[in-house]
Each structure stands twice: as structure tokens, then as C-alpha cells.
Amino acid sequence: MSRSALLVLADGRFPAGGHAHSGGAEAAVKAGRLTDAAGLEAFCRGRLHTVGLTAAGLAAGAAAGLDPHELDAVADAQNPSPALRAASRRLGRQLMRAARAAWPDPGLDALAAAFPRGAHQPVVLGTAARAAGLGPEDTAHCVAYETVGGPATAVVRLLGLDPYQATAVLARLAPEMDEVAARAATAARQGVDALPAASAPLLDITAEQHAAWPVRLFAS
Amino acid sequence: MHLDHDHSHHGAVSADAHRPDGTRRALRIGLGGPVGSGKTATVAALCRQLRDTLSLAVVTNDIYTREDAEFLLREAVLPPERIRAVETGACPHTAIRDDISANLEAVEELEDAVGPLDLILVESGGDNLTATFSRGLVDAQVFVIDVAGGDDIPRKGGPGVTTADLLVVNKTDLAPHVGSDLDRMARDAAAQRGDLPVAFTSLRSAAGVGPVADWVRARLAEWTAVPAPAPAG
């Protein structure tokens, strides 16, 4: 295990395409449901305990060595939104590019060859983490953090929200990120059938609407 | 960053000069510059000048819409399958410099879908004077400014003006109307750029983009003069 490798992978500057995605925050801002720091905290908390937990389980599973093909099929089944499925595969491809440069590894090469159009992002993330020498729990922490870090950055841009307030939201959520990561990692050690499958239907619905907007700042 | 270790057969990681099958990839030229300086108009004019003799495609990086891509489609400068729009999450310079993954996806998808290609033009979203392209994304870059943006821009310098492989000063036809001194701009640009070239253009006429098209052809001649790299693995 390398704690420093985890920092590299979890860094928002890791060039894997996440900066162009708001995690549903742009749709929530436009709908008037997210207007301030308190709204950001509620939005991030909801994301963390639903799609965040689910994605963390998948990534932790890949890091634990579960079959990535099976995990990818699970990700497809868990995600009813075609727009979000497409975004997840696209981000998986982008992450694969960065991960192979950072941690050249036969497992990453095999996954890239098996999914030329991209595996789901959490599956790639878990495989990358494994290549970097990280275990399921560290991997799940990485997913939990990016689940809330992406929307927080997006809302700073969308609302002009005070960046100190946005960062304070992330800091307040840290204990819950730890809980989610622990749950995901525990489930991943028990196998594919034990993985969490929490969902956020409103994120699915607004993602479909957002994908049809003619004018938007973020890709999802 | 140069990555010359073997990436096996599943796609190049970054700016490798060959495609996964070992053939030479297209030359990639980036076009950046401030909002409204004429980047999209320059791309459109280049497409019209070059499309009969070269196989080319365009990637646009719009800031918040698909307008640049749609302008090129509406003007029918290329068939729609040769134009891709990349979404940049409110940060156009990030997508061309700090995290180039979406743009690399776009250029590789274009080569897979409509290739083989000689040339891919990557147009940045309008940004500020510090926005430059990563060398992991493009082989050469053009920085487009215009006379109406102020004739002191070349003097002020900045990474785009100073280091771009070609500086284009566009809308020269407007110079008398906005009180811009073209000689001064040329002198200041030369002082900032040393031997790097500067092209003065007006796209009011079809031939106006000629100096830029000539420069692109010269870069392409250099690109293809280098022997094709050995096939991977």
C-alpha cells in the first residue's frame, strides 16, 4: 500500500477528464435546488450515500481483484440513465489513458483491450488503484472523495460560491466519506453479490434532461 | 513529457507519432486565442482552402455550447462526421493543457471513424492570453489575435503571443477604423517572438487565410518528411 499513490490518484489535477463533469450539480443549480453552501452540503451528502457508495463498492471490488467483466455488467445494470452510462464509459476511457501512463500494468492493458469503448469509470478506477498498489479501502476513499469533490468544484464555478465555504463542506463530510468507504470496502471483500446498489433517481432523471440542453457548462 | 516505452497494441497513451496499427497519425495543429479574435472563422477558411487536397477533421472546444461546432456544420466546411465538439466544464484552458484526455479521445475517435487523416485542427474555446496547448495534444499551435483587440497585445506578450509556432493577427481590414498600427504590432511581435513567424490576415476575402494555409502545408510537409515510425511491438 502506498499512501502517496492514493494522493496522486485522488488529486483533482489527475488528468482523467473529471473537471468537465458536475455530477448533476449543474442541473440542480439550474432547477433552483442548489443555491448556497448548505444546498451543496445536502446535495453532496445525498450523492455520497447513494451513487457514491455504489461506485465505491464497484471500485473497491476491482481493487480487490473481482472479475472486472462482471463488475462492468453490474455497473450497467445499476445505472438506468443512458446519458450517465455513456458518461461513465467515456470517463473510464479517459481515466484509463492517465492510469496507464502513471502505473503501467498488465491488468490495465487487459481491461483496455477488453473494453475498447471504455469500461465503467469505477471499474477502471479500481483496476488503476490495484496497479498503483492500493487496496479496496483506499480505493473506496478515492471514490467517496471524488463523488463530492467534483460537484463542489463545479458549484464554485456555477454559483460563484465562496471556495472556502465549498472546502468547508467537504471537510464536514469527511467522517461520512470514511463511513461510506468502509462499507464499500467491506462489501467488496464479500464478493460481487454483496456490493451496494443504492441509487438516486432524481440524478438519473436530471442527467437525461441535462444531456439535451443546448447550452451548458458541464458535460454531465 | 515523452513516453517512449511500449504501450502494447491497445492505443497510444499520449502524443506518440503513430497509431496503434503502426501507421503515422494525423498532424495535429491547435488554434487558440482570445474570444472573438476569429479562431472559428480561421478554421472554416482553412478547411475551405485545404479540404480538396488533404483529408482533414476538426475538434472544437466550446466553452458552454456547441456553437463553434454548429457554425462549422452550418457553413458546411466539412462533412459532419469530421467535426467533433469537446465539452470543457467552464475551463477551456484545462481541456487543452492540464487535462487533455477528452481532446485526445476526440482526435483518436476521428482517426478511427473517418481516417486516415492528414491533419486535425484542434480549436480552443476563447480564453485569455495565457492559454496554450499541451505538447501532448498538438504538434504545433497557432495563436489568433485581432487588431481590434488592441494593438498593444503583441507588446504585452504572454505565453500565447510569445511562444505559439505561428501568431496570426486577424482583421487587418479593421485597422484604420479602430486606430491600430499594424507596423507597430509587427515590430512588437518580432521583438517578443524572435524568429517565430507572424501572419497578418483579413478573412473578408476567400484568399485571406492564404498565409496560414501555407504555413500549415509547410508543417505537414515536415511531418510527413520524417520516416514513418516502426510499427509497434
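As the structure is a prediction and not an experimental result, all values here were calculated from the model.

Notes on the interface of chain A and chain B
And step 1. Counting from both sides, the interface comprises 25 residues of chain A and, opposite them, 27 residues of chain B.
And step 2. Both sides of the chain A and chain B interface together cover about 2,100 Å² of buried area, and 49% of this is carbon and sulfur.
And step 3. Considering only the side of chain A, the residues that lose the most area to chain B are His19(A), Arg97(A) and Arg100(A), jointly responsible for 32% of the buried surface there.
And step 4. Taken together, the connections running from chain A to chain B amount to 6 salt bridges.
And step 5. A salt bridge links Glu105(B) to Arg97(A); its shortest N-O distance comes to 3.1 Å.
And step 6. Applying the counting rule to chain A against chain B returns 12 residue pairs in polar contact (both at pLDDT 80 or more).
And step 7. Secondary-structure elements contributing two or more residues to the side of chain A that touches chain B are helix H5 (82-102) and helix H6 (106-114) of chain A.
And step 8. For the side of chain A that touches chain B, the element with the most residues is H5(A), which contributes 6 residues.
And step 9. Residue composition of the side of chain A that touches chain B, by class: 13 nonpolar, 4 polar and 8 charged.

Describing the side chain of Asp99(B)
And step 1. Tracing the chain through its elements places Asp99(B) in the loop between helix H3 (92-98) and helix H4 (101-114).
And step 2. Within the buried core, Asp99(B) has no salt-bridge partner, and the shortest N-O distance to an opposite charge, that of Arg97(A), equals 7.9 Å.
And step 3. Polar contacts involving the side chain of Asp99(B) include one to the main-chain amide nitrogen of Ala16(A), which spans 3.1 Å.
And step 4. Within the structure, Asp99(B) has its side chain in polar contact with the side chain of Ser101(B) (distance 2.8 Å).
And step 5. With sequence-adjacent residues up to four places away left out, Asp99(B) is seen in contact with Phe14(A), Pro15(A), Ala16(A), Gly17(A), Gly18(A), His19(A) and Thr94(B).

Some remarks on the nonpolar core
And step 1. Leu9(A), Leu34(A), Leu40(A) and Leu71(A) are the most contacted members of the largest nonpolar core, which has 63 residues in total.
And step 2. With 12 residues, the top contributor of residues to this core is helix H3 (residues 37-63) of chain A.
And step 3. Once residues lying within four places of it in the same chain are set aside, the contact partners of Leu71(A) are Leu58(A), Gly61(A), Ala62(A), Leu66(A), Val123(A), Val192(A) and Leu195(A).
And step 4. Membership of the second largest hydrophobic core comes to 32 residues, among which are Ala45(B), Val58(B), Leu166(B) and Val216(B).

Here's the deal with the packing of helix H1 (residues 39-50) of chain B against helix H2 (residues 67-74) of chain B
Residues and elements named next belong to chain B.
And step 1. It is at 10 Å that the axes of H1 and H2 come closest, and there the two elements cross at 35°. Note that H1 runs across H2; the crossing there is right-handed. Along the contact surface, H1 presents Thr40, Val43 and Ala44, while H2 presents Asp68, Phe71 and Leu72.
And step 2. Among the residues making up the contact of H1 with H2, the classes are represented as 4 nonpolar, 1 polar and 1 charged.

Considering the sheet that holds strand S3 (residues 83-85) of chain B
All names here are of chain B.
And step 1. Taken in spatial order, the 7 strands of this open sheet run S3-S2-S4-S1-S5-S6-S7, and their pairing is parallel. A strand with exactly one partner marks an edge of an open sheet, and here the two such strands are S3 and strand S7 (198-200). When the angles between neighbouring strand axes are averaged without regard to direction, this sheet yields 20°.
And step 2. Where strand S1 (residues 27-32) lies against strand S4 (residues 119-123), 5 bridges are found, and the strand directions are parallel. Following the sheet pairing, arginine 28 is matched in S4 by isoleucine 120.

Parameters and conventions
- Residues numbered from 1 in each chain as written.
- Chains lettered and ligands numbered in written order.
- Predicted model: local features only at pLDDT ≥ 70, side-chain atom pairs only at ≥ 80, totals over all residues.
- Heavy atoms only, no water.
- Contact = heavy atoms within 4.5 Å.
- Buried area = accessible area lost by both parts, 1.4 Å probe.
- Salt bridge = Lys/Arg side-chain N within 4 Å of Asp/Glu carboxyl O.
- Polar contact = N/O pair within 3.5 Å; in protein donor to acceptor, adjacent residues only side chain to side chain.
- Helix = DSSP H or I, 4+ residues; strand = E, 2+ residues; numbered from the N terminus.
- Nonpolar A, V, L, I, M, F, W, Y, C, P; charged D, E, K, R; others polar.
- Buried < 20%, exposed > 50% of the residue type's maximum accessible area, 1.4 Å probe, protein only.
- Lys, Arg positive; Asp, Glu negative; His and termini not counted.
- Core = buried A, V, L, I, M, F, W, Y, C linked by side-chain atoms within 4.5 Å.
- Axes fitted to C-alpha atoms, helices over the stretch in contact; angles between N-to-C directions.
- Left-handed = near helix turned anticlockwise from the far one by under 90°.
- Pairing = 2+ DSSP bridges.

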